[in-house]
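Tertiary structure, described
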Amino acid sequence: MKYEPTIGIETHAQLLTASKMFCKCRVPPSSGRGRVPLSHRRDSMDNTPAPPNSLVCPVCLGMPGSLPVINRRAVEYVIMTGLALNCQIAEFSKFDRKNYHYPDLVKGYQISQFHLPLCHDGWIEIQANGRAKRIGIHDVHLEEDTGKLVHVQGHSLIDFNRSGIPLMEIVTAPDFASLEEARAYVFELRRMLRYLGVNSGNMEEGAMRFEANISLHPVGTTTLGTRVEVKNLNSFKAMLRALEYEIQRQDQVLADGGTIRRETRGWDEARGTTYVQRGKEQADDYRYFPEPDLPPLEIKREWVEQIRSRMPELPHERRSRFTSEYQLPSYDTGLLTEDRSVADFFEQAVAAARPKGIGPKVVANWITGELFHLLHAANLEITASQASPEQLVELLVLLKGNVINITTAKHVLKVMVDTGGTAKDIVTEEGLAQVADRSELSSIVDEVISANPDAVAQYKGGKETVLRFLVGQVMKATRGKADPNLAADLLKEKLCGD
Ligand code: ZN
Ligand code: MN
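Within every chain, residues take consecutive numbers counted from 1 along the sequence as written. Naming scheme: in the order in which they are written, chains are lettered from A and ligands are numbered from 1. Restriction of local features to residues with pLDDT of at least 70 applies here, the model being predicted, together with a cutoff of 80 or more for giving and counting side-chain atom pairs; totals for whole chains, interfaces and linings are based on all residues. Side-chain metrics rest on all non-hydrogen atoms present in the structure, leaving aside hydrogens and water.

1. Examining helix H4 (residues 301-309)
Of the residues making up H4, those classed as buried are Trp303, Val304 and Ile307. One side of H4 holds all its buried residues, which, seen down the axis, span an arc of 100°. Residues of H4 that are exposed and angled more than 90 degrees away from the buried face: Glu302 and Ser309. By the convention used here, residues are in contact when the closest approach between their heavy atoms is within 4.5 Å. Labels follow the DSSP assignment, with helices taken as runs of H or I lasting at least four residues and strands as runs of E lasting at least two, numbered in each case from the N terminus. Buried-residue contacts for H4 involve helix H1 (72-84) and strand S2 (88-89). Buried, partly exposed and exposed residues are distinguished by accessible area as a fraction of the type maximum, computed with a 1.4 Å probe on protein chains only: under 20%, between the cut-offs, and over 50%, respectively. Working note: the arc is built from the helix axis to C-beta atom directions.

2. Concerning the sheet that holds strand S4 (residues 96-99)
Read from one edge of the open sheet, 3 strands run S5-S4-S15, paired in antiparallel fashion. Lying at the two open borders of the sheet, with one neighbouring strand each, are strand S5 (109-112) and strand S15 (289-290). Strand pairing is assigned whenever DSSP identifies at least 2 bridges connecting the two strands. Examined bridge by bridge, S4 and S5 share 4 bridges and lie antiparallel to one another. In the strand pairing of S5, lysine 98 is matched with glutamine 110.

3. Quick look at helix H3 (residues 236-255)
A rise of 1.5 Å per residue sets the reference length of H3, with its 20 residues, at 28 Å; its end C-alpha atoms lie 28 Å apart and thus fit the reference within 8%. Considered for burial, the residues of H3 that qualify are Phe236, Ala238, Met239, Leu240, Ala242, Leu243, Glu246, Ile247, Arg249, Gln250 and Leu254. Next to the buried residues of H3 lie strand S1 (3-14), helix H2 (179-196), strand S11 (208-218), strand S12 (228-233), strand S13 (263-268) and strand S14 (273-279). In the segment just after H3, glycine 257 is the residue with positive phi, at about 85°. To estimate the expected span of a helix, subtract one from its residue number and multiply by 1.5 Å.

4. What about the domain arrangement of the protein chain?
Residue ranges assigned to the domains are those given by an automatic or database domain assignment. For the protein chain, the domain assignment lists domain 1 (3-308), domain 2 (313-430) and domain 3 (438-497). On a C-alpha basis, the centroid separation for the pair domain 1 and domain 2 is 36 Å.

5. Some points on the coordination of the zinc ion (ligand 1)
The coordination sphere of the zinc ion (ligand 1) contains the protein donors Cys23 (SG), Cys25 (SG), Cys57 (SG) and Cys60 (SG), at a distance range of 2.3 to 2.4 Å. Taken together, the 4 donor atoms coordinating the zinc ion (ligand 1) span angles of 100 to 116° at the metal, a pattern that classifies the geometry as tetrahedral. Note that water is not among the atoms used; donors are N, O and S atoms within 2.8 Å of the metal (3.2 Å for Na, K and Ca), so sites may look incomplete. Mapped onto the polypeptide sequence, the residues donating to the zinc ion (ligand 1) form the spacing pattern C-x1-C-x31-C-x2-C. A residue pair is termed long-range when its members are at least 10 positions apart, and cysteine 23 in the loop between S1 and H1 and cysteine 60 in the loop between S1 and H1 qualify at 37 residues. Only four donors with every angle between 85 and 135 degrees are called tetrahedral; only four or six donors with opposite donors over 155 degrees apart and all others between 65 and 115 are called square planar or octahedral, in that order; all others are irregular.

6. Observations regarding the environment of tryptophan 366
When you line up the elements, tryptophan 366 lands in helix H8 (residues 360-378). A relative accessible area of 10% means that tryptophan 366 is categorised as buried. It is 42 Å that separates the C-alpha atoms of tryptophan 366 and glutamine 88, two residues lying 278 residues apart in sequence. Filtering out sequence-adjacent residues up to four positions away, tryptophan 366 remains in contact with Leu371, Leu392, Leu396, Leu399, Ile406, Ala409, Lys410 and Leu413.

7. Some remarks on the environment of glutamine 348
With respect to the helices and strands, the residue glutamine 348 is situated in helix H7 (residues 340-353). For glutamine 348, a relative accessible area of 41% translates into the label partly exposed. C-alpha separation for the pair glutamine 348 and glutamine 248, spaced 100 residues apart in sequence, amounts to 48 Å. If we ignore the near neighbours within four places in the chain, the residues touching glutamine 348 are Pro389 and Glu390.

8. Some thoughts on the coordination of the manganese ion (ligand 2)
Distances from the manganese ion (ligand 2) to its protein donors, His12 (NE2), Glu143 (OE) and Glu169 (OE), fall at 2.0 to 2.2 Å. Sequence spacing of the donors to the manganese ion (ligand 2): H-x130-E-x25-E. Taken together, the residues span a long stretch of sequence, with histidine 12 in strand S1 and glutamate 143 in strand S7 (residues 131-144) at a distance of 131 residues. Taken individually, histidine 12 and glutamate 143 each receive the classification buried, so the pair is uniform in this respect.

9. Describing the sheet that holds S11
Spatially, 9 strands are ordered S2-S6-S7-S10-S1-S11-S12-S13-S14 in an open sheet, and the strand pairing comes out mixed. Looking along the sheet, the strands with just one partner apiece sit at the ends: S2 and S14. Where S11 meets S12, 4 bridges bridge the pair, whose relative direction is antiparallel. The partner of isoleucine 214 across the bridge, within S12, is valine 228.

Here's what the structure looks like:
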């Protein structure tokens, strides 16, 4: 019998607030913040890691008698996410205590939301296997992060800097029917959260963590099989590998005539396998009850509308606008809209390029080609590069006007990315203007001809591809500054002349 999977995904996403969820402690800076678009960065955010247990107070250390206060910005971010995910925004919401014991959970409970989450019953559209599909969003709720255990040389150390960072949990319906759909979802969700500026999307920093539930059922049937939960999936890769492994494992158990046990499994990154953490009989009883130290939240509709009015264009909206407005192929559109700051850069460049008669496709090619290449090589975000959209366009104007050739243009762009400056200044300072003067280039061509008698003889003997070599020699003699088309014309004229 052939089986197909049913998958649901829970995502924990740290919110990019300046302070923690229930106290005034600063959210620890992390290298992840360097990747946040400049427009979302605050001055207080630097990249220097804080010493362990330096960003703590009685509230996030769970001292008896301390009282939590709700971070308004965190609530706003969750509502904004809920709106982006087409959710209903609750009129009344409350916090609950989720009781469990673990060394990183300082109070012995986590303040979370159980009965009345801030957002519920939404959906997100994903593109997988060449078609669009709606994935249901069960709810989006707000909670607090735990501390972090660090295991060194047989000791376990704990850092409470992370304790109390606002954590948003996004729970989907079990709507994924394949690995491809799950993959499409997590990538689209990350893009969306980054566009909204509510999460850094930095997986290495643990800014997004996943849990998944998976069951198999015979193809063509609708009754769901027994589901298994997999926890501690701290990257896209871990999540997708764990799903793949778990689908195969369950398939094998069923093929061997066995039954799937309802259980919670962990992910062993090193071995690439899931393992039993606990069975149904040891299922957690979190003994949820309303958090007595916090008032219930009444979410005024005017507030929701205010938040809605401040929402940026979402990735899928921008993708379809880029396709229709700039007539770009979907491949370009995908690359340009992956990151909001790249999309902004592109649109600013297009606006500057239009009056100069340079079209969006040329701009797109330079950004997704040479600029991406340079940024990648320098491990830079586009916002950290010194090249402005306007200067990229100035460079394209010089190229279009034949002042510089393409090799020089690439070099100038590199200088612009590294150290800034205008295209014109760099060309002047480095003496990079193209040798496009006929008489000047003519004498260089003469020298190349007399210095390469063999190649010349081959060319005259009918081997036309040698021309490329000779043009290369002219480029070399001018240190890349010759107009290659003019050089080729001059060579042809002179070689056919006698
Ligand atoms: Zn604190
Ligand atoms: Mn949670």
